[in-house]
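Overview (structure and organization)
Chain residues, written in single-letter form:
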Amino acid sequence: MKINLHDIFLANQRIKDFTLKTPLSHSYSLSLLSESEIWFKLENLQKTGSFKIRGALNKITLLNETEKKKGVITASAGNHAQGVALAAKHFGVLAKVVVPKDTPDTKKNSIKKLGAELIIHGANYDEAELHAYSLSEKLGMTFIHAFEDKDVICGQGTIGLECLLEKPDFDIILVPAGGGGLISGIAVAAKSINPNIKVIGIQSEASPPWYYSFKAKKLVDVTYKKSIADVLHGGIGKENLKLALNYIDDFILVTEKEIEKAMSWLATEYHYMVEGSGAVGIAAILNKKIDVKNKKVLNVISGGNVDAKVLANIITSNN
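Anyway, here's the lowdown on the structure attached to this text. (Residues numbered from 1 in each chain as written. Predicted model: local features only at pLDDT ≥ 70, side-chain atom pairs only at ≥ 80, totals over all residues. Heavy atoms only, no water.)

**Description of the overall build of the chain**
Counting secondary structure elements, the chain contains 14 helices and 10 strands. Relative to the globule expectation of 20 Å for 319 residues, the C-alpha radius of gyration of the chain, 18 Å, shows essentially globular dimensions. In terms of overall dimensions, the chain has C-alpha extents of about 55 × 45 × 40 Å along its principal axes. Across the 319 residues in the chain, those meeting the buried criterion constitute 61%. Within the chain, residue pairs in contact and separated by at least 24 positions form 74% of the contacts whose partners lie at least 6 positions apart. (Helix = DSSP H or I, 4+ residues; strand = E, 2+ residues; numbered from the N terminus. Rg over C-alpha atoms; globule rule 2.2 N^0.38 Å. Buried < 20%, exposed > 50% of the residue type's maximum accessible area, 1.4 Å probe, protein only. Contact = heavy atoms within 4.5 Å.)

In structure tokens form, the structure reads like this:
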């Protein structure tokens, strides 16, 4: 899989009139705490509450008329599903979405409201994905991969492009790392504009495939546990690992408790509803998992689709 800055510029042209240019916001309080200059890219304010609409829209834009008539299908922990559902609705394309059984009700309800057919299958993303692939072949629908697809990655990369066109002098970019589409796209954009920027992925200890595979320079098996950062849960692909080894500098792990504290901190300090997956970078900074002192740091807050009751319980237990 080869991706360059020109691909990401083209993706940006395709999607810019339908997606939101989300705020790039300076965090005065976190900058003081960390003795650095911290900026948030607020993709929790994006349509569907997550960055995922970018990649889904870019992918569906590029389908031919025959493919659009047959429809699209995807598997997702929730956010990618919502992105595909909204993008498909925009083009009048039939969409089916397979989600794991433990997907939050907030996301399942949103998928249905957006007009996609919701199919619940499997205990985790990987099982949902296998079922979606099977249905894709059976029904002749285009499968839209959540993270290992060039067009999807280029769409996610528009986040990096937006940020660096506005402020090209970041030292570090912290990105939640799940399947790898988001961090791969941002890393290609960032390194193409400024090779000196360090791009660092953040994962939960409960789902650490990037952390160990990156160090081993090959895919390795890891143990998975239930995580509040549900969107980051699951395996990664060979093609994304190749991109990571070329463009990404490092991966860092945070604990479940650290993620919950970061979610609570964002809610208390800024009144942001941020899901666990979107709070991992904040967790890394608050717990000094990375040295950011005297650095200009971009932290991508990837999504805000957290169940209100879950967040309320987290806030209560962390205050």
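**Thoughts on the pattern of salt bridges**
Overall, the coordinates contain 15 salt bridges when judged by the stated rule. Arg54 is the partner of Glu162 in a salt bridge, and the nearest nitrogen-oxygen pair spans 3.0 Å. Here Glu162, found in helix α8 (residues 150-166), pairs with Arg54, found in helix α3 (residues 52-61); they are 108 residues apart in sequence, far enough to count as distant. The pair Glu162 / Arg54 is uniform in exposure class, with both members buried. Note that Asp169 is salt-bridged to Lys296, the shortest N-O span being 2.7 Å. Note that Asp169 is positioned in the loop between α8 and β7 (172-176) and Lys296 in strand β10 (residues 296-301), a separation of 127 residues in sequence. The class for Lys296 is buried, based on a relative accessible area of 11%. Beyond isolated ion pairs, a larger network of salt bridges with shared partners links Lys41, Glu43, Arg54 and Glu162. (Salt bridge = Lys/Arg side-chain N within 4 Å of Asp/Glu carboxyl O.)

**Regarding the packing of aromatic side chains**
This structure, assessed with the given rule, holds seven aromatic pairs. Seen in terms of ring centroids, Tyr133 and Phe143 are 4.1 Å apart; in terms of plane orientation they differ by 25°. Their pairing is stacked. Taken together, the residues span a long stretch of sequence, with Tyr133 in helix α7 (residues 125-139) and Phe143 in strand β6 (residues 142-143) at a distance of 10 residues. With a centroid separation of 5.5 Å and an interplanar angle of 15°, the aromatic rings of Tyr270 and Tyr272 are classed as stacked. Since its relative accessible area comes to 22%, Tyr270 is described here as partly exposed. Three or more aromatic residues joined by ring pairs make a cluster, and in this case those are Phe40, Trp265, Tyr270 and Tyr272. (Phe/Tyr/Trp six-rings, centres within 6.5 Å; stacked < 30°, edge-to-face > 60°.)

**A few points about the pairing of strand β3 (residues 72-75)**
Residues in a regular strand point their side chains to alternate faces of the sheet. Of the two faces of β3, the one carrying Val72 and Thr74 and the one carrying Ile73 and Ala75 are both buried. Note that β3 and strand β4 (residues 95-99) share four bridges and pair parallel. Residue pairing for β4: Ile73 is matched across the bridge by Lys96. As defined by bridge partners, β3 adjoins β6 across two bridges and the pair is classed as parallel. Bridge pairing in β6 places Ile73 opposite Phe143. (Pairing = 2+ DSSP bridges.)

**Describing the nonpolar core**
Counting 33 residues, the largest nonpolar core has Phe40, Leu174, Ile202, Met263, Leu266 and Ile290 as its most contacted members. Core analysis: the second largest hydrophobic core is formed by 26 residues, Trp210, Phe214, Ala244 and Ile248 among them. (Core = buried A, V, L, I, M, F, W, Y, C linked by side-chain atoms within 4.5 Å.)

**Topic: the environment of His145**
Note on placement: His145 falls in the loop between β6 and α8. Here His145 falls in the buried class, since its relative accessible area comes to 7%. Separated by 147 residues in the primary sequence, His145 and Val292 have C-alpha atoms spaced 34 Å apart. Leave out the neighbours within four places in its chain, and His145 touches His80, Tyr125, Glu129, Tyr133 and Val152. A polar atom in the side chain of His145 sits 2.8 Å from the side chain of Glu129. Only 3.0 Å separates the side chain of His145 from the backbone nitrogen of Phe147, close enough to count as a polar contact. (Polar contact = N/O pair within 3.5 Å; in protein donor to acceptor, adjacent residues only side chain to side chain.)

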